[in-house]
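Descriptive analysis of the structure
Residues per chain are reported as follows:
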Amino acid sequence: MKVAIIQHVKHEPAGSIEDFLQKSSIQYEYFRVYDGEFPEGDFTHYVIMGGPMGAYEDDVYPFIREEKELIRNAYKEGKGVLGICLGAQLIASAFGKAVYPFKREVGWFEVERLEDELTAGLPSKLRVVQWHNDTFDLPEGAKLLFRGDAVPNQGFRLGRLVALQFHMEVTEELLRLWAKDEGISDEERQNLLSGIDSIEELNAQFEMLLDRFFS
């Protein structure tokens with residue numbers, strides 16, 4: 001097993017996903033597309049992280065187009081892809097579905113877990129970290145995994161492709177870093193920091209999902 005992690009910006013690394021891979025002795029390699037790096041070689045899984053760009057900005061960010069092609073090829077070859085936030089939107093867009101500005105969510109929000117073998121055993125309601133302005137339509141044949149009140153489509157599975165709109169990979173270090181962003185309001189900053197005590201529980205829940213995804 002060999003995992004490629006695609007990182008779009010410096011402040012959005014894989015967080016607890018990297019911790020899980022290390023603990024599980026799974027080989028992985030980062031590819032920082034903002035530095036011109038892109039996965040080459042034989043990988044069994046791809047993890048596509050978040051970023052401030054839109055999944056529809058192919059003309060501004062050429063790597064967006066390349067990532068969509070990678071996603072489609074991975075699907076054809078039966079390889080696993082885990083998309084986080086922008087990564088989730090890229091999966092939807094790769095299959096011709098719309099990604100568009102919708103409702104901004106920054107901070108901790110509740111999502112509902114729907115029944116699936118990937119999510120079995122998780123609480124029926126999860127409090128997760130959100131940071132997005134866009135949403136996506138579901139690809140044909142995709143199964144909705146998580147649903148929100150204000151933003152309904154929060155996660156889906158399409159074969160071995162898993163898309164999560166929210167951030168379960170966040171660590172305390174990352175959360176404190178994100179809270180320093182000058183582009184958020186005081187209310188959003190307080191919301192982000194209010195859940196620091198919940199990070200350990202969130203990471204434990206994510207570990208259950210990651211274990212199933214990689215196996």
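Before reading further, recall that the structure is shown in the block above.
Residues numbered from 1 in each chain as written. Predicted model: local features only at pLDDT ≥ 70, side-chain atom pairs only at ≥ 80, totals over all residues. Heavy atoms only, no water.

This part is about the packing of aromatic side chains. As enumerated under the stated definition, the model contains 11 aromatic pairs in all. When the centroid spacing of 4.8 Å and the interplanar angle of 75 degrees are considered together, the rings of Phe-213 and Phe-214 count as edge-to-face. A relative accessible area of 6% means that Phe-213 is categorised as buried. By the ring-pair criterion, three or more aromatic residues cluster together here, those being Phe-20, Phe-213 and Phe-214. The ring centre of Phe-43 lies 5.0 Å from the NZ or CZ of Lys-2, which sits over that ring. (Phe/Tyr/Trp six-rings, centres within 6.5 Å; stacked < 30°, edge-to-face > 60°. Buried < 20%, exposed > 50% of the residue type's maximum accessible area, 1.4 Å probe, protein only. Lys NZ or Arg CZ within 6 Å of the ring centre and 35° of its normal.)

Right, let's get into the sheet that holds strand β6 (residues 125–136). With mixed pairing, nine strands are arranged side by side in an open sheet as β2-β1-β3-β4-β9-β8-β7-β5-β6. Only two strands of the sheet have a single neighbouring strand rather than two, namely β2 (27–32) and β6. The sheet shows a mean angle of 20 degrees between the axes of neighbouring strands, direction not considered. Relative to strand β4 (residues 80–84), strand β3 (residues 45–48) is paired through four bridges, and the arrangement is parallel. Considered in β4, the bridge of His-45 is made with Gly-80. Most of the contacts of helix α1 (residues 16–23) go to β2, to which it runs at about 150 degrees, and overall it touches β1 (2–7), β2, β3 and β4. Helix-sheet contacts for helix α6 (residues 199–214) involve β1, β3, β4, β5 (99–113), β6, β7 (143–147) and β9 (161–164), and the interaxial angle to β4 is about 155 degrees. (Pairing = 2+ DSSP bridges. Helix = DSSP H or I, 4+ residues; strand = E, 2+ residues; numbered from the N terminus. Axes fitted to C-alpha atoms, helices over the stretch in contact; angles between N-to-C directions. Contact = heavy atoms within 4.5 Å.)

Another aspect to go through is the layout of surface pockets. Of the volumes computed, that of the largest pocket is approximately 410 Å³. If you go around the largest pocket, you meet 20 residues; those closest to its centre are Glu-12, Gly-51, Pro-52, Trp-131 and Asn-133. Elements with a contribution of two residues or more to the lining of the largest pocket: α3 (86–94), β6 and α4 (172–178). Looking at which element gives the most residues to the lining of the largest pocket, the answer is β6, with four residues. Class assignment for the residues of the lining of the largest pocket results in eight nonpolar, eight polar and four charged. (1 Å grid on protein atoms, 1.4 Å probe; cavity = no way out; pocket = protein on both sides within 12 Å on 5 of 7 lines; lining within 4 Å. Points joined across faces, edges and corners; volume = space filled by probe spheres on them. Nonpolar A, V, L, I, M, F, W, Y, C, P; charged D, E, K, R; others polar.)

What follows is about unusual backbone geometry. In this structure, Ser-25 takes a positive phi of about 55 degrees despite not being glycine. Inspection of the secondary structure assignment puts Ser-25 in the loop between α1 and β2. Phi at Cys-85 takes a positive value of approximately 55 degrees, unusual for a residue other than glycine. Taking relative accessible area as the criterion, Cys-85 reaches 5% and is therefore assigned buried.

Before going further, it helps to examine the nonpolar core. Ile-17, Leu-82, Phe-146, Phe-206 and Phe-214 are the most contacted members of the largest nonpolar core, which totals 41 residues. Examining the composition of this core, we find that seven residues originate from one element, α6, more than from any other. Leaving out residues up to four positions away in the same chain, Phe-214 has contacts with Met-1, Val-3, Phe-20, Leu-21, Ile-26, His-45 and Val-47. In this structure, Val-81, Ala-92, Ala-142 and Leu-161 belong to the second largest nonpolar core, which totals 29 residues. (Core = buried A, V, L, I, M, F, W, Y, C linked by side-chain atoms within 4.5 Å.)

So, on to the side chain of Gln-165. The residue Gln-165 is located in the loop between β9 and α4 in this model. Relative accessible area serves as the criterion here: at 0%, Gln-165 is assigned to the buried category. Separated by 3.3 Å, the side chains of Gln-165 and Gln-89 make a polar contact. The residues touching Gln-165, leaving out its near neighbours within four places in the chain, are Cys-85, Ala-88, Gln-89, Gln-130, His-132, Asp-134, Thr-135, Phe-136, Asn-153 and Gln-154. (Polar contact = N/O pair within 3.5 Å; in protein donor to acceptor, adjacent residues only side chain to side chain.)

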